[in-house]
Amino acid sequence: MCPWPKAFYSAPDKLLNWVGRLRIIMINNALSNHTHLNTLFAQSVKSVDQSSLSNTSLSAHNLQALNDIKASASNNAEALLSQLNNQTPNSALNNEAAEMVLEQQLTSLFTISSTPSFGNYKLTNEERALRTVISSQQEGLLQNESSDKLMARLNTSVKNIAGAYANTSDILSSLGQLGDEQQSFLASSQQRVERTLNPYMESLNRAKYENDDNYKFDLSVTTKEGDVINITFNSSQGYDEKTGEAVDAFGISYEVNGDLSQDEHAALTQVMDGIGEMADEFFKVNENAFNAVIVPNQADMGLDFLAGFNSEQLTGFDVSFSSSHNNEFNAGENTLDLSYSIDGALNQQALVFKADTGQHDIDFALDMSTMGGKDTQQMQQYLASLDQSLEDTRVNSTQDDKASAFGRTGDEAMQQGFALFKSAFSSMSSAAERYSHLESIAEQQFNDGRAMVADLVDNMITRDPRYQGLGSNAPNTLGTGISKLADFDATFSYALDSGDYQPKSTIELSQATTQTQQGELSGVTQSKNINSHFDYQFSRPDYYTKDESYNVDTAVKNKALVGLNQSHNVDVDTQLFAFNPQTNQYELQMAMQQHTESKSNIRLIDDIWLEENENSDTMHKKERDESEDRQDDFIETSRHSHTKLVTLIGDLDKLAENKYARREYLANLSHVNFFMDKK
């Protein structure tokens, strides 16, 4: 069970279990409680009633206040209620009657000096509630009140509006006229007012405490039935110089658009557990974000809960964290946005992650199919390939002193974000495997197709002694054979912004698979690609790019592999520059382009093995001549190699002696080649 994020509190004794608290809120919401959890802003820590955070409405009102209101309204409200009761006996008041009582309560909030003139325009109750805020603020501005007094006016207005809604409910309830329809009507109306006021209140609150600490957390979850759950926490902490007191402003809101089943509640709680742990780590990290020496360990944040995401009940969620600090280090604002969704109709899942600390930017995105199997070896190869690509960008970002362009702390922050990216990649792959077991269509689309062909290919290239291989001019980090993992498209980027110095690394990894059927032949085609790129975002012209791809194409007849094409390509393109103070510009020091390609085409027809292997390597490099008298010249180096080998193994005598066998073999070979070429 994860604790409530500590950053929302100013003292240890306020720690509460945030998942448990939200469960209480969810129960209250299910019981149609007419109150709303929207704790007031900018209250002194000493004056906050802690119990109000869990079980009170916006504005507590006593019985005497209610009696006074009812007494003053007796000539109008009770007469109206009596008239409507006569018209609709033994039934609850309709929404029109509730709206008229609410109108009376809101109208009473206007003072004589602040009552605006609306002419013939008929205000809605939501507009009337907002006008009480505007008119009160205008009155304060005309009196040249300070920002503190204006904030106090705003708090009073919010209390009064909430009190008007609560009073309306109590008046109707005391007369036995508060039905489910009226409760729903009043709750929806109040929520619309709160949603309109919240951004304004937050803006003023942040402006008031812009030199202090602010924290915010928003979560939106969507169920498969279309219900939407919105949860918001916000907290501001500071110091009031006049009173000498710590200021702790805290707000919670929970809203459900629809009716949640018991299973949906359980699925929501599971998501909240994972998100809560992330929130704890995020806000814990930001407590020390101002320390330039200590790098926050973002690797402690985990996305493992995505592997068990309940796709039977939920379709996705959006969550955002933000914190701002102002201290002697001027740490600024930190934000994290995470979105995850799953589309059962398209069999796709998607994740977007963005973290910005003002100097370090981490962005990654994952689009992945929900159809896939378990392939431990391939997953290990992909993770190793990602590590190698990151290392390539780090090594090729070195400066003259051979230190990483990102510096020590920047390099550690990049590594931590990269670990989170790899965690998300593994978790989503596990989610796809789990989802595939839930969907009956996966058995036909996946296991009877790609999985079978993958096993056939693996058997040929790992166990058949006739296999010659792809060559070894460049290591294949992507792995040979057909991956059983779900197809995906993944991108990770990390950028360091230090004014005019902006190094950035980007890594892209993808896998795409298609299946083809033509007569007796069927086949699977798969491509695996990884790209690593480094540059300085135009702050200087250096760059490094490496593209690696592995492609496999198959032909299967009667569940036997008759054709297998493989190709592996690696392209490297890099340029290094050095700044020349005499010319006040960057000058090229080294440029290199390299292309390596390996191919293997196999046909296994009538037990005759035909394999073509082809390997090529091309490199062109130029480096500035370091000789004192030739510094404007370049030394150029080029190389090229190419090899090709054709292997034929089998009972060749029958082909030479039996023209019918030779004709049938050539016809089958032509058919397979046509099938492979057409794909």
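Since the model is a prediction, treat every value here as computed from it, not as a measurement. For every chain, the first residue of its written sequence is number 1, and the numbers climb from 1 along that sequence. Side-chain atom pairs in this predicted model are given and counted only at pLDDT of 80 or more, local residue features only at pLDDT of at least 70, and totals for whole chains, interfaces and linings cover all residues. Note: side-chain values were computed over all heavy atoms of the structure, leaving out hydrogens and water.

1. What to know about the overall build of the protein
Part 1: Helix and strand assignments come from DSSP, with helices taken as H or I runs of at least 4 residues and strands as E runs of at least 2, each series counted from the N terminus. Tallying secondary structure elements over the protein gives 14 helices and 15 strands in all.
Part 2: About 33,000 Å² of surface is accessible on the protein, with carbon and sulfur atoms providing 47% of the total. All accessible-area figures derive from a Shrake-Rupley calculation using a 1.4 Å probe, and residue coverage is judged against the displayed protein chains alone.

2. Brief notes about the packing of aromatic side chains
Part 1: Aromatic rings from Phe, Tyr and Trp, taking only the six-membered ring of Trp, are treated as a pair when their centres fall within 6.5 Å; an angle between ring planes under 30 degrees marks them as stacked, one over 60 as edge-to-face, and anything in between as tilted. The full count for this structure, using the stated rule, is 19 aromatic pairs.
Part 2: For the ring pair Phe217 and Phe321, a centre distance of 5.0 Å and an interplane angle of 50° mean the geometry is tilted. Here Phe217, found in strand E1 (residues 213–223), pairs with Phe321, found in strand E4 (residues 314–325); they are 104 residues apart in sequence, far enough to count as distant. When sorted by exposure, Phe217 lands in the same class as Phe321, which is buried.
Part 3: Here Phe534 and Tyr536 contribute two aromatic rings whose centre-to-centre distance is 5.0 Å and whose plane-to-plane angle is 80°, an arrangement assigned as edge-to-face.
Part 4: Burial classes follow relative accessibility: with a 1.4 Å probe on protein chains only, a residue under 20% of its type's maximum area counts as buried, one over 50% as exposed, and anything between as partly exposed. The class for Phe534 is buried, based on a relative accessible area of 1%.
Part 5: Counting every residue linked through ring pairs, the aromatic cluster contains Phe353, Phe364, Phe418, Phe421 and Phe492.
Part 6: Our definition puts a charge over a ring when NZ of Lys or CZ of Arg is within 6 Å of the ring centre and also within 35 degrees of the ring normal. For the cation-ring pair, Arg540 lies above Tyr536, with the distance from its terminal atom to the ring centre recorded as 5.0 Å.

3. Some details on the nonpolar core
Part 1: Core analysis: the biggest nonpolar cluster contains 94 residues, and Leu303, Phe317, Phe321, Leu351 and Phe364 have the highest contact counts within it.
Part 2: Here this core takes eleven residues from helix H11 (residues 407–438), the largest share from any one element.
Part 3: With near-sequence residues (within four places) excluded, Leu303 lies in contact with Met278, Leu338, Leu351, Phe364, Leu420, Ser423, Ala424 and Ser427.
Part 4: Nonpolar cores were defined as sets of buried Ala, Val, Leu, Ile, Met, Phe, Trp, Tyr and Cys residues, with membership established by side-chain atoms within 4.5 Å. Grouped together as the second largest cluster of nonpolar side chains are 17 residues, Leu102, Ala129, Leu154 and Tyr165 included. Here a residue-residue contact requires only that any non-hydrogen atoms of the pair lie within 4.5 Å.

4. Section: the side chain of Asp542
Part 1: With respect to the helices and strands, the residue Asp542 is situated in the loop between strand E10 (521–535) and strand E11 (543–557).
Part 2: At 2.7 Å, the side chain of Asp542 forms a polar contact with the side chain of Arg540.
Part 3: Polar side-chain contacts of Asp542 include one of 2.9 Å to the backbone nitrogen of Phe577.
Part 4: Excluding anything up to four places from it in sequence, Asp542 contacts Phe534, Asp535, Tyr536, Gln575, Leu576 and Phe577. N or O atoms closer than or at 3.5 Å make up a polar contact, with two conditions inside protein: a donor-capable atom paired with an acceptor-capable one, and, for residues adjacent in sequence, both atoms drawn from side chains.

5. Here's the deal with the pairing of E11
Part 1: Taking burial as the measure, the 15 residues of E11 include eleven buried ones, the bulk of the element.
Part 2: Note on pairing: DSSP must find at least two bridges between two strands before they are called paired. Relative to E11, E10 runs antiparallel, the two being bridged by 13 bridges. Within the sheet, the bridge partner assigned to Leu521 lies in E11 and is Lys557.
Part 3: The pairing of E11 with strand E12 (residues 560–580) spans 15 bridges and is antiparallel. Looking at E12, one finds that Ala555 is bridged to Gly563.
Part 4: Where E11 hands over to E12, the hairpin turn is made up of two residues, of which Asn558 adopts a positive phi near 55°.

6. Some details on unusual backbone geometry
Part 1: Positioned with a positive phi, Phe538 is a non-glycine residue whose angle comes to about 70°.
Part 2: Counting through the fold element by element, Phe538 comes out in the loop between E10 and E11.
Part 3: A positive phi angle is found at Lys559, which is not glycine, with a value near 60°.
Part 4: Summarising the element assignment, Lys559 is placed in the loop between E11 and E12.

7. A word on the pattern of salt bridges
When the charged atoms of two side chains with opposite charge come close together, those side chains can pair.
Part 1: The rule for a salt bridge is simple: a side-chain nitrogen of Lys or Arg has to be within 4 Å of a carboxyl oxygen of Asp or Glu. Using the criterion set out here, one finds 21 salt bridges in the structure.
Part 2: A salt bridge links Glu103 to Arg128, with the shortest nitrogen-to-oxygen separation between them at 3.7 Å. Pair noted here: Glu103 is in helix H5 (residues 95–107) and Arg128 is in helix H6 (residues 125–142), with a separation of 25 residues, a long-range link.
Part 3: Its relative accessible area of 7% is what places Arg128 among the buried residues.
Part 4: The partner of Arg639 in a salt bridge is Asp617, and the shortest N-O contact between them spans 3.0 Å. Of this pair, Arg639 sits in strand E15 (residues 634–649) while Asp617 sits in strand E14 (residues 608–624), and the two are 22 residues apart along the sequence.

8. Describing the pairing of strand E8 (residues 488–496)
Part 1: Within E8, seven of the nine residues are buried, which leaves it mostly tucked inside the rest of the structure.
Part 2: Pairing between strand E7 (residues 360–369) and E8: nine bridges, direction antiparallel. Within the sheet, the bridge partner assigned to Leu366 lies in E8 and is Ala490.
Part 3: Pairing between E8 and strand E9 (residues 504–518): eight bridges, direction antiparallel. Considered in E9, the bridge of Ala490 is made with Leu509.

9. Observations regarding H6
Part 1: When the terminal C-alpha atoms of H6 are compared, their 26 Å separation across 18 residues agrees well with the 26 Å that a helix rising 1.5 Å per residue should span.
Part 2: Every buried residue belonging to H6 is among Asn125, Glu126, Arg128, Ala129, Thr132, Val133, Ser135, Ser136, Gln137, Glu139 and Gly140, and all of these are buried.
Part 3: Taken from the residues just after H6, Asn144 is the one with a positive phi, measuring 55°. How far a helix is expected to stretch is found by multiplying one less than its residue total by 1.5 Å.

10. Observations regarding the packing of H5 against H6
Part 1: Axis geometry follows a simple rule: fit a line to the C-alpha atoms, using only the stretch in contact for helices, then measure angles between N-to-C directions, giving values from 0 to 180 degrees. Between H5 and H6, the least distance of the axes is 10 Å, while the angle of their chain directions is 10°. By the angle between their axes, H5 is roughly parallel relative to H6. Counting all contacts with H5, which are made through Glu99, Leu102, Glu103, Leu106 and Thr107, the residues of H6 involved are Asn125, Arg128, Ala129 and Thr132.
Part 2: The residue classification treats Ala, Val, Leu, Ile, Met, Phe, Trp, Tyr, Cys and Pro as nonpolar and Asp, Glu, Lys and Arg as charged. All others, Gly included, are polar. In terms of residue class, the contact of H5 with H6 is built from three nonpolar, three polar and three charged. Angular relationships are summarised with four words: roughly parallel below 35 degrees, roughly antiparallel beyond 145, roughly perpendicular across 65 to 115, and oblique for the angles in between.

11. Some words on the environment of Asp606
Part 1: With respect to the helices, strands and loops of the structure, Asp606 is situated in the loop between strand E13 (585–605) and E14.
Part 2: Taking the C-alpha atoms as reference points, Asp606 and Asp651, 45 residues apart in sequence, are found 9.3 Å from one another.
Part 3: Not counting residues up to four positions away in its chain, the partners in contact with Asp606 are Lys654, Tyr665 and Asn668.

12. Some details on the side chain of Asp392
Part 1: With respect to the element layout, Asp392 can be found in helix H10 (residues 376–395).
Part 2: A distance of 3.4 Å separates a polar atom in the side chain of Asp392 from a polar atom in the side chain of Lys546.

13. Side note on the confidence of the model for the protein
Part 1: When pLDDT is averaged across the protein, the result is 78; 73% of the residues are at 70 or more.
Part 2: Values of pLDDT, ranging from 0 to 100, describe the predictor's confidence in every residue of the model. pLDDT under 50 marks residues 1–75. Its contacts with residues more than four places away, or in other chains, come to 154 contacts.
Part 3: Taken as a whole, residues 87–93 scores under 50 in pLDDT and shows ten contacts with residues more than four places along the chain or in a different chain.

14. A word on the environment of Phe283
Part 1: Of note, Phe283 is situated in helix H9 (residues 262–287).
Part 2: The spacing of Phe283 and Lys216 is 67 residues in sequence and 9.7 Å in space, taken between C-alpha atoms.

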